[in-house]
Amino acid sequence: METIMKMFHHLDWANQRILEALKSKEDQANQAKLQFSHILLAEEVWFQRIKGQDSNPLAIWTELTIEECAKLVEKNKQHVARLFAGISKEDLEERIVYKNSTGQEFSTSVRDILTHVALHGQYHRGQINRLLRQVGHEPVNVDFITFVR
């Protein structure tokens, strides 16, 4: 449980760093902003699924404005806080049944969903950094080891 919680503290820290970088480069980093929007929207989808709510109408490849990204960073942080405030080790093994965007049904443990969310975001933050470098900007250091120092 401690490891998953630490992964989500890192996720929030990394999202905040990317958000700040994109605020100053908004007009030059549309592809990066699309990737960041995707991270945040996918997080929201997974939180909806964990809560047993329908996530199918949420479009995860929609480009948000920087202001919408900032609001969603905060909203997702609140989802995490509420989730961790009421979750037990046993709850992590609960299986969540959901349908993906094509309607295919899956069953996945809360533990695996949370691990996926943390790793998914880091994967796309790496893509954001590549895109920032391509338009002449320094990548944002979002490495976990930097976070824990």
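These numbers were taken from a predicted model, which means no experiment stands behind them.

Undergrad: So what exactly am I meant to see when it comes to the packing of aromatic side chains here?
TA: When we look at a pair of aromatic rings, we describe it by the centre distance and by the angle of the planes. Tallied over the full model, the rule gives five aromatic pairs. Judged by centre distance (5.4 Å) and plane angle (50°), the rings of Trp13 and Phe147 are tilted. Note that Trp13 is positioned in helix 1 (residues 2-23) and Phe147 in helix 5 (residues 144-148), a separation of 134 residues in sequence. Since its relative accessible area comes to 22%, Phe147 is described here as partly exposed. Aromatic side chains Phe144 and Phe147 sit 5.9 Å apart centroid to centroid with 45° between the ring planes, which places their arrangement in the tilted category. With Phe144 and Phe147 both in helix 5 and three residues apart, this pair spans about one turn of that helix. Accessibility expressed as a relative area gives 36% for Phe144, which makes it partly exposed. Ring pairs connect the aromatic residues Trp13, Phe144 and Phe147, which therefore count as one cluster.

Undergrad: What should I look at first to understand helix 4 (residues 110-134) in this one?
TA: Because an α-helix completes one turn every 3.6 residues, residues spaced three or four positions apart along the sequence face the same direction. Helix length check: helix 4 (25 residues) gives 36 Å between terminal C-alpha atoms against 36 Å at 1.5 Å per residue, within 8%. Gly136 sits one or two residues past helix 4 and shows a positive phi near 90°.

Undergrad: When you look at helix 3 (residues 66-85) in this model, what are you seeing that I'm missing?
TA: Compared with the 28 Å implied by 1.5 Å per residue over 20 residues, the 29 Å span of helix 3 between its first and last C-alpha is a close match. Buried within helix 3 are the following residues: Ile66, Cys69, Leu72, Val73, Asn76, His79, Val80, Leu83 and Phe84. For helix 3, the angular spread of the buried residues around the axis is 125°, confining them to a single face. Exposed and oriented more than 90 degrees from the buried face of helix 3 are Glu67, Lys71, Arg82 and Ala85. As for helix 3, its buried residues are in contact with helix 1, helix 2 (30-50) and helix 4.

What counts, and at which threshold
Residues numbered from 1 in each chain as written. Predicted model: local features only at pLDDT ≥ 70, side-chain atom pairs only at ≥ 80, totals over all residues. Heavy atoms only, no water. Phe/Tyr/Trp six-rings, centres within 6.5 Å; stacked < 30°, edge-to-face > 60°. Helix = DSSP H or I, 4+ residues; strand = E, 2+ residues; numbered from the N terminus. Buried < 20%, exposed > 50% of the residue type's maximum accessible area, 1.4 Å probe, protein only. Expected span 1.5 Å × (residues − 1). Arc of directions from axis to C-beta. Contact = heavy atoms within 4.5 Å.

All we've got here are geometric facts, nothing functional implied.
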